Amino acid sequence: MIEFKDVSKTYDDGFEAVQSLSFKIEPGELVVLIGPSGCGKTTTMKMINCLIPHTEGKIFIEGQDIDKLDPVILRRNIGYVIQQIGLFPHYTIAENVGLIPKLKKWDPQKIKARTNELMNMVNLDPSLYANRYPKELSGGQQQRVGVIRALAANPDIILMDEPFGALDPITRGQLQDELLRIQSTMQKTIVFVTHDIEEALKLGDRIAIMQKGHLLQMDTPDQILLNPAHGFVEEFVGKNRIYQNPALIPVVDIMKENVAVIRPEFSLSKALSLMRQRKTDTLVVVDKSNALLGILSAYGLHIKQDSANTVEKYMKPAKPVLDRSASAKDAFVQITQAPFGIIPVVDHSRKVLGIVTKGSLLSAFANQWTEEEEGEND
């Protein structure tokens, strides 16, 4: 567990970057820190591993005051991933991944086994990639290495500072899905900094929204959307205000109708091309009558370029699915259970009518609130 008790950071020039933060992060929880530039989110995260020292208050990790710990040892027991990746260019991929275990004096065979395990976990075949250098990998592949390097020594806590911000939308979506998959099995305590509300809604068990060094609200994504605790929170998430009775709003009123669909017999190269055209990382798989068959995610497809492979081989079951009679409230409840971040909406014959995403939910209610404001001003 990570606990902040009245923590502040004031610089020598008097600037207060963070003011009186108090919160707890439970073991195995993924908490996203978000807010505008200069709000203190990165400072807050860096105080956890003493990259930035706090000036007031106390920070505890597993009940231990970090002021009483050796900062070098502390950092070696906390994984750290940054946007710039930070791989050592003259080290091979295997050497980069095994760096912290080596500093912790692990047995070389144990380091090799752990490195191979993690590379396989993110679909980087060790026999192909272990002896390559960072410049020989794509940006997305390098970022995967950055993530597994943070996991190499099996730390309980991982800090991630806008790790996917510089990537293209498809690769970014892949790595978000990858992180969720890894987290579902490894249950690390993750503090994730981003400026992207869509990313925060997709990844966070809880979201901490900050402004000018203050923590305004720390809550689940659903509660952030349904019950913003501050005017700035409401503004920051899209100035959305949920209807007073979302259970009365039909899901067909808020779904996206222009669905990116593909047939199961199509090739993966065709699927990837369509994803790039539609700027999406997921496709809905349908049959000739447009009936729902499954979901194809971009995750894992980056190394499967063989045109002989078909969509049918790699599509996954579509769960959950909403009937056209469902409500907006149903969508809000179930969206957190959607592994690919989308819920297909179907009719009685399973024909796809549209999809619901966290983004479409947010957008729909934001648009409605704007219309209500305009109506009040007429």
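The shown structure was predicted, so the numbers you read here are calculated from the model rather than taken from an experiment.

A. A look at the packing of aromatic side chains. Throughout the structure, instances matching the rule amount to five aromatic pairs. Residues phenylalanine 88 and tyrosine 91 carry aromatic rings whose centres are separated by 5.4 Å and whose planes lie at 40° to one another, so their mutual orientation is tilted. The class for tyrosine 91 is partly exposed, based on a relative accessible area of 37%. Taken together, a centroid distance of 5.9 Å and an interplanar angle of 55° make the contact between phenylalanine 164 and phenylalanine 192 tilted. Here phenylalanine 164, found in the loop between strand E7 (157-161) and helix H8 (169-186), pairs with phenylalanine 192, found in strand E8 (residues 189-194); they are 28 residues apart in sequence, far enough to count as distant. On the accessibility criterion, phenylalanine 164 (1% relative accessible area) is buried. Here the guanidinium or amino end of lysine 9 rests over the ring plane of tyrosine 11, the centre of that ring lying 4.7 Å away. Over the aromatic face of tryptophan 106 sits the side chain of lysine 110, whose NZ or CZ is 4.2 Å from the ring centroid.

B. Up close: the pattern of salt bridges. The final tally for this structure, using the stated rule, is ten salt bridges. A salt bridge links lysine 202 to aspartate 281; its shortest N-O distance comes to 4.0 Å. Of this pair, lysine 202 sits in helix H9 (residues 197-203) while aspartate 281 sits in the loop between helix H12 (268-278) and strand E12 (282-286), and the two are 79 residues apart along the sequence. Of the two residues, lysine 202 and aspartate 281, neither departs from the other in class, the shared state being buried.

C. Representation of the sheet that holds strand E11 (residues 261-262) in the model. Ordered in space as E11-E12-E13, the three strands form an open sheet in which the pairing is mixed. Looking at strand neighbours, the two that pair on one side only are E11 and strand E13 (292-297), the edges of this open sheet. In the sheet, E11 pairs with E12 via two bridges, with the strands oriented parallel. Residue isoleucine 262 lies in a different strand from E12, and its bridge partner there is valine 285.

D. Just H8, in detail. Taking 1.5 Å per residue, 18 residues should reach 26 Å; H8 reaches 25 Å between its end C-alpha atoms and fits that length. For H8, the full list of buried residues reads Ile170, Thr171, Arg172, Gly173, Gln174, Leu175, Gln176, Asp177, Glu178, Leu179, Ile182 and Gln183. Following H8 by one or two positions, glutamine 187 adopts a phi angle in the positive range, close to 50°.

E. How the structure looks around empty space enclosed by the protein. With the rule as written, the count across this model stands at four cavities of 30 Å³ or more. Its boundaries defined by the atoms lining it, the largest cavity holds a volume of some 60 Å³. What lines the largest cavity is Val147, Leu151, Ile158, Met160, Leu179, Ile182, Gln183, Met186, Lys188 and Ile190. Those elements that provide at least two residues to the lining of the largest cavity are helix H7 (139-151), E7 and H8. In terms of residue class, the lining of the largest cavity is made up of eight nonpolar, one polar and one charged.

F. Representation of the sheet that holds E7. Sheet architecture is open: six strands sit in the order E6-E7-E8-E3-E9-E10, paired in mixed fashion. A single partner strand is all that each edge strand has here, and the edge strands are strand E6 (78-82) and strand E10 (214-219). Strand-to-strand, the axes of this sheet are offset by a mean angle of 15°, without reference to chain direction. With five bridges connecting them, E7 and E8 associate as parallel partners. Looking at E8, one finds that methionine 160 is bridged to phenylalanine 192. Seen against the sheet, H8 touches strand E3 (30-34), E7 and E8 and runs at an angle of roughly 160° to E8.

Thresholds, definitions, all that
- Residues numbered from 1 in each chain as written.
- Predicted model: local features only at pLDDT ≥ 70, side-chain atom pairs only at ≥ 80, totals over all residues.
- Heavy atoms only, no water.
- Phe/Tyr/Trp six-rings, centres within 6.5 Å; stacked < 30°, edge-to-face > 60°.
- Buried < 20%, exposed > 50% of the residue type's maximum accessible area, 1.4 Å probe, protein only.
- Helix = DSSP H or I, 4+ residues; strand = E, 2+ residues; numbered from the N terminus.
- Lys NZ or Arg CZ within 6 Å of the ring centre and 35° of its normal.
- Salt bridge = Lys/Arg side-chain N within 4 Å of Asp/Glu carboxyl O.
- Pairing = 2+ DSSP bridges.
- Expected span 1.5 Å × (residues − 1).
- 1 Å grid on protein atoms, 1.4 Å probe; cavity = no way out; pocket = protein on both sides within 12 Å on 5 of 7 lines; lining within 4 Å.
- Points joined across faces, edges and corners; volume = space filled by probe spheres on them.
- Nonpolar A, V, L, I, M, F, W, Y, C, P; charged D, E, K, R; others polar.
- Axes fitted to C-alpha atoms, helices over the stretch in contact; angles between N-to-C directions.
- Contact = heavy atoms within 4.5 Å.

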